[in-house]
Amino acid sequence: MKKLILSLLVVCVAAAVTDCARNPVTGRREIVLVSESQEIAMGQQSDPQVREEYGTVDNAALQAYVQAMGRKLVAVSHRPNLEWHFTVVDSPVVNAFAIPGGYVYLTRGILAYLGNEAELAGVIVHEI
């Protein structure tokens, strides 16, 4: 009985300190531990660290191309109003990753690996 009461207390406290938000994919209300503004702040804080660790590819045309493709894909996503950032980082590793707040990174290694624009779009959409 004590376990049940303790479990209920934990659930009630968790519900009281969290917020509910509508999931843009399912449309259902769900418990959210991080608000959108907190998510954006986390990304703004982490982006300089990512850029410092990897460096960015010094090719304005390539950066603009990836940014433009990302914007087109975001426009039909479930979060089109979030300010998204797409950056090619200077790493030979085949990888792409995202951090909270709409920051998406693709490595120069993955760009060399991809065979066409459709594959690039698939990688970006996965990160979105």
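Residues numbered from 1 in each chain as written. Predicted model: local features only at pLDDT ≥ 70, side-chain atom pairs only at ≥ 80, totals over all residues. Heavy atoms only, no water.

(A) Highlighting the environment of Gln45. Structurally, Gln45 can be placed in helix H2 (residues 36-54). Using a relative accessible area of 58% as the deciding quantity, one classes Gln45 as exposed. Along the chain, Gln45 and Gly101 lie 56 residues apart, while their C-alpha atoms are 9.9 Å from each other. (Helix = DSSP H or I, 4+ residues; strand = E, 2+ residues; numbered from the N terminus. Buried < 20%, exposed > 50% of the residue type's maximum accessible area, 1.4 Å probe, protein only.)

(B) Layout of a nonpolar patch on the surface. There is a patch of nonpolar side chains on the surface, built from Ile31, Leu33, Val34 and Met42 and spanning about 390 Å² of accessible area. Assignment of secondary structure puts Met42 in helix H2. (Patch = residues over 30% accessible without salt bridge, like charges linked within 9 Å, V, L, I, M, F, W, Y side chains within 5 Å. Areas by Shrake-Rupley, 256 points an atom, 1.4 Å probe, with all protein chains shown as cover. Salt bridge = Lys/Arg side-chain N within 4 Å of Asp/Glu carboxyl O.)

(C) Fine view of the packing of aromatic side chains. If you walk through the whole model with that rule in mind, you get 3 aromatic pairs. A centroid spacing of 6.2 Å and a plane angle of 15 degrees characterise the contact between Trp84 and Phe86, whose relative ring orientation is stacked. Both residues of the pair, Trp84 and Phe86, belong to the buried class. Aromatic side chains Phe97 and Tyr105 sit 5.0 Å apart centroid to centroid with 25 degrees between the ring planes, which places their arrangement in the stacked category. In terms of burial, Phe97 and Tyr105 fall into one category: buried. Here the aromatic residues Tyr54, Phe97 and Tyr105 are joined through ring pairs into a cluster of three or more. (Phe/Tyr/Trp six-rings, centres within 6.5 Å; stacked < 30°, edge-to-face > 60°.)

(D) Fine view of the sheet that holds strand E5 (residues 103-107). Spatially, 3 strands are ordered E3-E5-E4 in an open sheet, and the strand pairing comes out mixed. Edge strands, defined here as strands with exactly one partner in the open sheet, are strand E3 (85-89) and strand E4 (96-99). In this sheet, neighbouring strand axes are inclined to one another by 20 degrees on average, regardless of whether the strands run parallel or antiparallel. Here E4 runs beside E5; their pairing, made up of 4 bridges, is antiparallel. Bridge pairing in E5 places Phe97 opposite Tyr105. Against the sheet, H2 engages E3, E4 and E5, with an angle of about 150 degrees to E4. Packing against the sheet, helix H3 (residues 60-74) makes contact with E3 and E5, and its axis sits at approximately 145 degrees to E3. (Pairing = 2+ DSSP bridges. Axes fitted to C-alpha atoms, helices over the stretch in contact; angles between N-to-C directions. Contact = heavy atoms within 4.5 Å.)

(E) Geometry of H3. Between the first and last C-alpha of H3 there are 21 Å, a value that for 15 residues agrees with the 21 Å anticipated at 1.5 Å per step. Of the positions making up H3, those classed as buried are Gln63, Val66, Gln67, Met69, Gly70, Leu73 and Val74. Around the axis of H3, the buried residues are gathered within 165 degrees of arc, so they sit on the same side. Pointing more than 90 degrees away from the buried face of H3 are the exposed residues Ala60, Ala61, Arg71 and Lys72. The inward-facing, buried residues of H3 abut E3, E5 and helix H5 (117-127). Capping the start of H3 is the job of one residue whose side-chain oxygen sits 3.2 Å from the backbone nitrogen of Ala61: Asn59. (Expected span 1.5 Å × (residues − 1). Arc of directions from axis to C-beta. Polar contact = N/O pair within 3.5 Å; in protein donor to acceptor, adjacent residues only side chain to side chain.)

(F) Spatial organisation of the packing of H3 against H5. Running from N to C, H3 and H5 cross one another at 65 degrees; their axes reach a closest spacing of 10 Å. Where H3 crosses over H5, the two elements pack in a sense that is right-handed. Along its contact with H3, which presents Tyr65, Val66, Met69, Gly70 and Leu73, the element H5 presents Glu117, Leu120, Ala121, Ile124 and Val125. In terms of residue class, the contact of H3 with H5 is made up of 8 nonpolar, 1 polar and 1 charged. (Left-handed = near helix turned anticlockwise from the far one by under 90°. Nonpolar A, V, L, I, M, F, W, Y, C, P; charged D, E, K, R; others polar.)

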